[in-house]
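Below are the chains, spelled out letter by letter.
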Amino acid sequence: MSQTPMLTTPEERVALFQQLFSDTIPHNKALGIKVLAVARGLASMQIEWREEFVGNPETGVLAGGPLTAMLDGCCGMAVATLLKEPKPFATLDLRIDYAKPAVPGKPVIAEAECYRITRSVAFTRAFAHQGDPKDPVAAAAGTFMLGTKGEVTRAQAVSKELVK
Amino acid sequence: MSGGDSLMKRLADARKHGDVSRLADAIPYAKWMKIAPENTTGELLTRMRYHDTLIGNTYLPAIHGGTLGAMLEMAAIFHLLWETDTPTVPKIVNITVDYLRSAGPRDVIAAAKVTKQGRRMVNVFAEAWQDDRSKPVASASAHFLVQSDDAPPSL
């Protein structure tokens, strides 16, 4: 058996990903990102509406930035679940379509899927919504470069700790 | 949407005093992120002042890609407000960010330019760098609606 204990319950998995992809990543922690769910190739996160995330103080509508950061992180987490071996990776490009304004005061949920991974590149899609996945506030497409410079982070080495 | 009024008033005020940095005070997210426009060199630039919560990778360390996208978006908005005659607060439709180099724990500066100005839609290109302008860390192209009632208002 491997030295790392396998994670048996969804709760344990979510707790581990919460630690690796939010609590120990300063900007994600500052946004208060909460990991909702994780599976191979799939990731889901949430941010609460907060006054300091507002782009328009008259309406209370969120700025694009917090959504961009969460969608980037959520796509990256979906990639991490599929790595056959730990390797550093980085966002290559990220497109965000702002479908409609997020309703002030309500949390925003991101759901990402890594639908294709090769040796060098991973392709992801994501949506952000406020409770109804069929009524998105934003859509994202992110591409990730695998095997970039630098040390492997614990988050980038997480796939070996996932139940197959 | 009436939401743009206070920012447009702030814009008129900033123009009167020739001080574009006043625009950032009207946007809570820009204040929180320490993102502000500056025109000290005669060129409109947007600066994201470094602070520890921008970090996305503590091993390198590197600034979170989401924050680079966010500051490029803000740079495009400040550019449209200051350099064009937009009658309303520009509403972002979409943005594509290319990540070119990892960004270290230092200030990030961005400049934007209008690629195509239409009556309702504007295409803006923005580029961000740190120490050397010829080595950008990220660039973005974005669409904004500048005159419509049915726009997706993000700002």
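If you're wondering where the values come from, they're calculated on a predicted model, not measured in any experiment.

What counts and how
Residues numbered from 1 in each chain as written. Chains lettered and ligands numbered in written order. Predicted model: local features only at pLDDT ≥ 70, side-chain atom pairs only at ≥ 80, totals over all residues. Helix = DSSP H or I, 4+ residues; strand = E, 2+ residues; numbered from the N terminus. Rg over C-alpha atoms; globule rule 2.2 N^0.38 Å. Buried ≥ 20, exposed ≤ 12 C-beta atoms within 10 Å, placed from the backbone. Contact = placed C-beta atoms within 7 Å. Nonpolar A, V, L, I, M, F, W, Y, C, P; charged D, E, K, R; others polar. Pairing = 2+ DSSP bridges.

### Some points on the overall build of chain A
Here is step 1 of the chain: Across its full length, chain A carries three helices and eight strands.
Here is step 2 of the chain: Relative to its length of 164 residues, chain A is compact, with a C-alpha radius of gyration of 16 Å against a globular reference of 15 Å.
Here is step 3 of the chain: Per-residue burial over chain A gives 45% buried out of 164 residues.
Here is step 4 of the chain: Pairs at least 24 apart in sequence give 66% of the contacts found in chain A among residues at least 6 apart.

### A few points about the overall build of chain B
Here is step 1 of the chain: Within chain B one finds three helices and eight strands.
Here is step 2 of the chain: Relative to the compact-globule value of 15 Å for 155 residues, chain B shows a C-alpha radius of gyration of 15 Å, a close match.
Here is step 3 of the chain: For chain B, the spread of C-alpha atoms along the principal axes amounts to about 45 × 30 × 25 Å.
Here is step 4 of the chain: Within chain B, the proportion of its 155 residues that are buried is 46%.

### A look at the interface of chain A and chain B
Quite often, the size of an interface is put as the accessible area lost when its parts meet.
Here is step 1 of the chain: Listed by partner, the interface residues are 36 residues for chain A and 40 residues for chain B.
Here is step 2 of the chain: Listing elements by their share of the side of chain A that touches chain B, those giving two or more residues are helix H2 (26–31), strand E3 (54–56), helix H3 (64–80) and strand E5 (89–98) of chain A.
Here is step 3 of the chain: For the side of chain A that touches chain B, the residue count by class is 16 nonpolar, 11 polar and nine charged.
Here is step 4 of the chain: As paired strands, E5 of chain A and strand E5 (residues 91–99) of chain B are joined by five bridges and run antiparallel to one another. Paired with Arg-95 of chain A across the bridge in E5 of chain B is Thr-96 of chain B.

### Quick look at the environment of Leu-71 of chain A
Residue and element names in this part refer to chain A.
Here is step 1 of the chain: For Leu-71, the location among the structural elements is in helix H3.
Here is step 2 of the chain: Taking the C-beta count within 10 Å as the criterion, Leu-71 has 29 such neighbours and is therefore assigned buried.
Here is step 3 of the chain: When the C-alpha atoms of Leu-71 and Arg-125 are compared, they prove to be 9.2 Å apart, with 54 residues separating the residues in sequence.
Here is step 4 of the chain: Non-local contacts of Leu-71, meaning those with residues more than four positions away in its chain, are made with Ile-96, Ala-110, Ala-126, Ala-128, Ala-138 and Ala-140.

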